[in-house]
Amino acid sequence: MHVTNERRAEVHRVLSGVPRWAMHRPDVRAVGMCGSWARNTQRMSSDVDLVVLTESPEHYVDDEEWLHHFGNPPLVRTQQWGVLTERRVRLGSGLEVEFGFAYPTWAALTPVDAGTRAVVTDGLRPLYDPALLLAEVVAACTAAPGPPHSGGRSA
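Please read all numbers here as calculations on a predicted model, not as lab measurements. Position numbers for residues start from 1 in each chain and track the written sequence from start to end. Owing to the predicted nature of the model, reporting of local features is limited to residues with pLDDT of at least 70; listing and counting of side-chain atom pairs is limited to 80 or more, with chain, interface and lining totals taken over all residues. As a convention, hydrogens and water are excluded, and side-chain values are obtained from all of the structure's heavy atoms.

Focus on the confidence of the model for the protein chain
Part 1 of the argument: Per-residue confidence for the protein chain gives a mean pLDDT of 91, with 92% of residues at or over 70.
Part 2 of the argument: Low pLDDT (under 50) marks residues 148-155, which in the prediction has 16 contacts with non-local residues, meaning those over four places away or in another chain. Residue-level confidence of the predictor, termed pLDDT, takes values from 0 up to 100. Any two residues whose heavy atoms approach within 4.5 Å at even a single point are treated as in contact.

Structure below.
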């Protein structure tokens, strides 16, 4: 099913709030959008996937106060994907937003981790990246593609 204008507007509202949220959190180093919305291949059922690089990922796993900025949506899942911890929320409309929290080393360049490379080459768009951590890993993955991945999610 094609994405409605209402869903596009909702995603735009969520995404436009992310940089404002991130810049007021001193531990957050970068936030990027990945997946189908980053590739512009989304469907109505697509979630919004975010990678949040922070010095304190455990804070976002152990506490939920950070959700106040996003209207306190209910958490529907917490799951570990390699070094990244997913905190998935569901907005009132049914749109799900996946916040994946990891240390800034997720974007390390020497060498780029296979899981990170898989996420980046599948589509990653920096939303908040003052130190250019995401821009540099995107450039590295674009310039020197690594070995094919198994399709698993190890970011």
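Considering the nonpolar core
Part 1 of the argument: Residues grouped as a nonpolar core are buried Ala, Val, Leu, Ile, Met, Phe, Trp, Tyr and Cys residues, joined through side-chain atoms within 4.5 Å. Burial classes follow relative accessibility: with a 1.4 Å probe on protein chains only, a residue under 20% of its type's maximum area counts as buried, one over 50% as exposed, and anything between as partly exposed. Trp21, Val31, Leu50 and Phe99 are the most contacted members of the largest nonpolar core, which has 25 residues in total.
Part 2 of the argument: Secondary structure counts use DSSP, requiring at least four H or I residues in a row for a helix and at least two E residues in a row for a strand, with both numbered from the N terminus. Listed by contribution, the elements that provide at least two residues to this core are helix H1 (5-23), strand S1 (28-34), strand S2 (48-54) and strand S5 (96-102).
Part 3 of the argument: The dominant element in this core, judged by the number of residues it contributes, is H1, at six residues.
Part 4 of the argument: Apart from the residues lying within four places of it in its own chain, the contact partners of Val31 are Val18, Trp21, Ala22, Leu50, Val51, Val52, Pro126, Leu127, Tyr128 and Leu134.
Part 5 of the argument: Judged by nonpolar contacts, the second largest core, of 15 residues, contains Leu53, Leu84, Val120 and Leu134.

A look at the packing of aromatic side chains
Part 1 of the argument: Planes of paired rings set the category: under 30 degrees apart is stacked, over 60 is edge-to-face and the rest tilted, where pairs are Phe, Tyr or Trp rings (Trp by its six-membered ring) whose centres lie within 6.5 Å. Here the structure, examined in full by the defined rule, presents 10 aromatic pairs.
Part 2 of the argument: Ring geometry for Trp66 and Phe70: centres 6.5 Å apart, planes at 75°, overall edge-to-face. Here Trp66 and Phe70 have matching classes, each one buried.
Part 3 of the argument: On the basis of an interplanar angle of 75° and a centroid distance of 5.1 Å, the ring pair of Trp66 and Phe101 is categorised as edge-to-face. Taken as a pair, Trp66 in the loop between helix H3 (57-62) and strand S3 (75-81) and Phe101 in strand S5 lie far apart in primary sequence, 35 residues in all. The same class applies to Trp66 and to Phe101, which are both buried.
Part 4 of the argument: Aromatic rings pair up to connect Trp21, Tyr60, Trp66, Phe70, Phe99 and Phe101 into one cluster.

Description of the environment of Asp62
Part 1 of the argument: By the secondary structure assignment, Asp62 is in helix H3.
Part 2 of the argument: Asp62 sits 23 residues away from Thr85 along the chain, and the two C-alpha atoms are 11 Å apart.

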